[in-house]
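# An overview of the molecular structure
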Amino acid sequence: MLEPFLMRALLAGIGVAIITGAIGCFVVWRRMAYFSDSLAHSTLLGVVLGLALGMNTNLTTMVISFMFAILLLILQQKKLLTTDTLLGILAHAALSIGIVLISLLNQTLDLHAYLFGDILTVTTTELWWIYLGGISVILLLIFNWSSLVLMTLNEDLARAEGVPVLLTHLLLLLIMSIVVAVSIRIVGILLITSMLIIPAASARQLAGSPEAMALIASLLGVLAVILGIYGSFQMDIPSGPSIVVAAVLLFVLLLPLSVLYKKITSYYFQK
Amino acid sequence: MNSLLQATQLNVVRQGKQILQNIDITIGINDFITIIGPNGAGKSMLLKCLMGFYKPDSGKIKRQKNLKIGYVPQRLVSDNTIPINVERFLKIRNAVSLTTLQQITQETKIDNLLTKPLASLSGGEMQRVLLTRALLNNPNLLILDEPAQNLDISGQIYFYKLLDRIYQERKLSILMVSHDLHMVMASSQQVICLFHHICCSGEPQIITQDPEFISLFGNDMAHMMALYQHSHNHQHRRSENA
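Treat the numbers as computed from the prediction; the structure is a model and nothing was measured. (Residues numbered from 1 in each chain as written. Chains lettered and ligands numbered in written order. Predicted model: local features only at pLDDT ≥ 70, side-chain atom pairs only at ≥ 80, totals over all residues.)

### Examining the overall build of chain A
Each helix and strand in chain A was counted, giving eleven helices and zero strands. Secondary structure elements in chain A, listed N-terminal to C-terminal, are α-α-α-α-α-α-α-α-α-α-α. When its C-alpha atoms are laid out on the principal axes, chain A stretches across 70 × 55 × 30 Å. Residue burial in chain A is summarised as follows: out of 271 residues, 44% are buried. Within chain A, contacts between residues at least 6 apart in sequence are counted, and of these 74% link residues at least 24 apart. (Helix = DSSP H or I, 4+ residues; strand = E, 2+ residues; numbered from the N terminus. Buried ≥ 20, exposed ≤ 12 C-beta atoms within 10 Å, placed from the backbone. Contact = placed C-beta atoms within 7 Å.)

Put into structure tokens, the structure is as follows:
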């Protein structure tokens, strides 16, 4: 039987991997890698505010991330600066303000755990946050899947066919805020983007439809979590980076395999 | 109400600039209207106002109750990051039966492309797929925004011929923005020349003699258009014989 802390770590990691895998596909399709990275940076401010106000940090992190996303959306509309410049300013502002606040408020915070994740100390309450957040994210994704995919392919087409584009866009930002907020404890601020992107990128090679890509990305994420936690436990290495290394290894292994697979199928189709 | 859509005195101002000024436009049943005009003349904005994407700053848009719009965007950029084939794309948010799908894809000549990834299509194939999607809910008005802009000449001819046939067979109405003036001459019943306001409008033959048209597009263009009219008459007579 697994030790309780290891059991909690596995459950937390699997929950996070399922949602980051699925939502990671949208990050890849819509080129939001830098955006998700910036969102992760903003979570530190949420954590600090939660500690300072004596509120649940998961909740404050979600709220701050979502506000961050909406602020970005508004600034984007103004077209004063390009999106990547805006993201750079906002992300590092949020991160630095967070760190400044920590020392001003004399808070004690294990910064390392937030930057790189600390899955082995996950509590039962945090597990609840991950699974409740995860289930709401999955439900929102399922019910809005077609609108999200169509909007990703062509915004005007979606609008012409009656998709409320602005609302759907906000929904995507809300989903990403939830995902990032519940995930930072697992892989950390600096590595969350990798859990969004690497499984999705690996899945792209294997999938023939958007739905299949989301499912495969979730499965690969779960596999990476299991391998990563096992490696972290066996070799006594930090868990967050260990999970990411496992995800990268899967990507590297799958790439030549999928190229080979495609060659074989195209060979048979030509015949 | 005899017309499908009627807009009166539309005005759109964006960042202090008048994009559309006092636009009156009526789309009747089985009309084929083409909007031409220089870049930045407000053509796309007009289409988007008529479809209800944006609210005009003033003016009225009346839509017939059973108006169903099919929209063909300028282009759909599908890179390889999203794995999706033609059939899946057509079925997103559309509950179509297999027979309907087969029927319409044969009509638009993409029935052999259904299993192909969207990213592997040529420009002409992609536009036909978009046209197919627009036809799926059986619209009575097709709105197209420079649908052949990214195609080569033969691709353009193929696309406009297809569009003309769909127009003849389905008896729907078409509102199109197009720079392909020679093609416009062949199929359109009415040409609207737009430069923030409607400079002139009418049958293609009449438009080319309008001083406003000549001042906007130059004498050469007017001559060129007049040249293409000939082939228009020719084609028209042929389709009557058939």
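More follows now that the structure is in view.
### Digging into the overall build of chain B
Scanning chain B from terminus to terminus reveals eight helices and nine strands. Compactness check: chain B gives a C-alpha radius of gyration of 18 Å against a globular reference of 18 Å for 242 residues, within 12% of the reference. Taking the principal axes of its C-alpha atoms as reference, chain B extends roughly 50 × 45 × 40 Å. Of the contacts made within chain B by residues no fewer than 6 positions apart, 69% connect residues no fewer than 24 positions apart. (Rg over C-alpha atoms; globule rule 2.2 N^0.38 Å.)

### Description of the sheet that holds strand β6 (residues 141–145) of chain B
Residues and elements named next belong to chain B. Ordered by their spatial adjacency, six strands build an open sheet running β5-β6-β7-β3-β8-β9, and the pairing between neighbours is mixed. Bordering the open sheet on either side are β5 (69–72) and β9 (197–202), each of which pairs with just one other strand. On average, each strand axis in the sheet is tilted by 15° relative to the strand beside it, whichever way the strands run. When β5 meets β6, the two strands line up parallel, connected through four bridges. Counterpart to G70 in the pairing with β6 is L142. Of the strands in this sheet, β3 (32–36), β5, β6, β7 (173–177) and β8 (190–195) are in contact with helix α1 (residues 43–51), which crosses β6 at around 150°. Strands in contact with helix α4 (residues 123–135) are β5 and β6; relative to β5, the strand with the most contacts, it is inclined by about 165°. (Pairing = 2+ DSSP bridges. Axes fitted to C-alpha atoms, helices over the stretch in contact; angles between N-to-C directions.)

### Digging into the environment of L2 of chain A
Tracing the chain through its elements places L2 of chain A in the segment before α1 (4–29). Along the backbone, L2 of chain A and A203 of chain A are 201 residues apart, and their C-alpha atoms lie at a distance of 30 Å.

### A closer look at the environment of L194 of chain B
All names here are of chain B. By secondary structure assignment, the location of L194 is in strand β8. Counting along the chain gives 22 residues from L194 to L216, while the straight-line C-alpha distance between them is 9.5 Å. Contact partners of L194, with chain neighbours within four places excluded, come to I35, G37, A41, G42, K43, L46 and C199.

### Description of the confidence of the model for chain B
Residues and elements named next belong to chain B. The pLDDT averaged across chain B works out to 85; a share of 90% of its residues lies at or above 70. Looking over chain B, one finds the lowest element-wise mean pLDDT in helix α8 (residues 211–241), namely 58, and the highest in β6, namely 95. Throughout residues 230–242 the model reports pLDDT below 50, and contacts reaching past four residues in sequence, or to other chains, amount to six contacts. Quick note on the complex model: pTM equals 0.88, ipTM equals 0.86. (pLDDT = per-residue confidence, 0-100.)

### Quick notes on the interface of chain B and chain A
Taken together, the contact pairs 14 residues of chain B with 20 residues of chain A. Here the residues of the side of chain B that touches chain A are counted per class, giving ten nonpolar, two polar and two charged. (Nonpolar A, V, L, I, M, F, W, Y, C, P; charged D, E, K, R; others polar.)

### Points about the packing of helix α2 (residues 33–53) of chain A against helix α4 (residues 83–104) of chain A
For any two helices packed against each other, one specifies the inter-axial angle together with the distance between the axes. All names here are of chain A. At a closest axis distance of 8 Å, the pairing of α2 and α4 adopts a crossing angle of 25°. Comparing their axes, α4 and α2 come out roughly parallel. Along this stretch, α2 crosses α4, giving a crossing that reads as left-handed. In this structure, α2 contributes Y34, F35, D37, S38, H41, S42, L44, L45, V48 and A52 to the contact, and α4 contributes D84, L87, L90, A91, H92, A94, L95, I97, G98, L101 and I102. Of the residues belonging to the contact of α2 with α4, the class tally is 14 nonpolar, five polar and two charged. (Parallel < 35°, antiparallel > 145°, perpendicular 65-115°, else oblique. Left-handed = near helix turned anticlockwise from the far one by under 90°.)

### Brief notes about the sheet that holds strand β4 (residues 58–63) of chain B
Residue and element names in this part refer to chain B. One open sheet accounts for three strands, arranged β2-β1-β4; its pairing is antiparallel. In this open sheet, the two strands that pair with only one neighbour each are β2 (17–27) and β4. Between one strand axis and the next, the sheet turns through 20° on average, direction left out of account. Note that strand β1 (residues 5–14) and β2 share seven bridges and pair antiparallel. In the strand pairing of β2, R14 is matched with K17. Seen against the sheet, α1 touches β1, β2 and β4 and runs at an angle of roughly 125° to β1.

### Some remarks on the nonpolar core
Within the largest apolar cluster, 132 residues are counted, with the highest numbers of intra-cluster contacts made by I23 and A200 of chain A. A total of 13 residues in this core trace back to one element, the largest contributor, which is α1 of chain A. Apart from residues no more than four positions distant in its own chain, A200 of chain A is found in contact with G21, G24, C25, V27, V28, M213 and A217 of chain A. L151, F159, Y160 and M185 of chain B belong to the second largest nonpolar core, which has eight residues in total. (Core = buried A, V, L, I, M, F, W, Y, C linked by C-beta atoms within 7 Å.)

### Concerning the environment of C25 of chain A
Topologically, C25 of chain A is positioned in helix α1. The residues contacting C25 of chain A, other than those within four sequence positions of it, are A200, P210, M213, A214 and A217 of chain A.

### Describing the pairing of β7 of chain B
Residue and element names in this part refer to chain B. Here β7 lies mainly inside the structure; five of its five residues are buried. Of the strand pairs in this sheet, β3 and β7 are connected by four bridges, and their pairing is parallel. Note that in β7 the partner of I35 across the bridge is V177. Relative to β7, β6 runs parallel, the two being bridged by five bridges. In the strand pairing of β7, L144 is matched with M176.

### Let's talk about helix α3 (residues 57–78) of chain A
Residues and elements named next belong to chain A. Taking 1.5 Å per residue, 22 residues should reach 32 Å; α3 reaches 32 Å between its end C-alpha atoms and fits that length. Taken together, the buried positions of α3 are occupied by T57, N58, T60, T61, M62, I64, S65, F66, F68, A69 and L72. As for α3, its buried residues are in contact with α2, α4, α6 (124–153) and α8 (165–187). (Expected span 1.5 Å × (residues − 1).)

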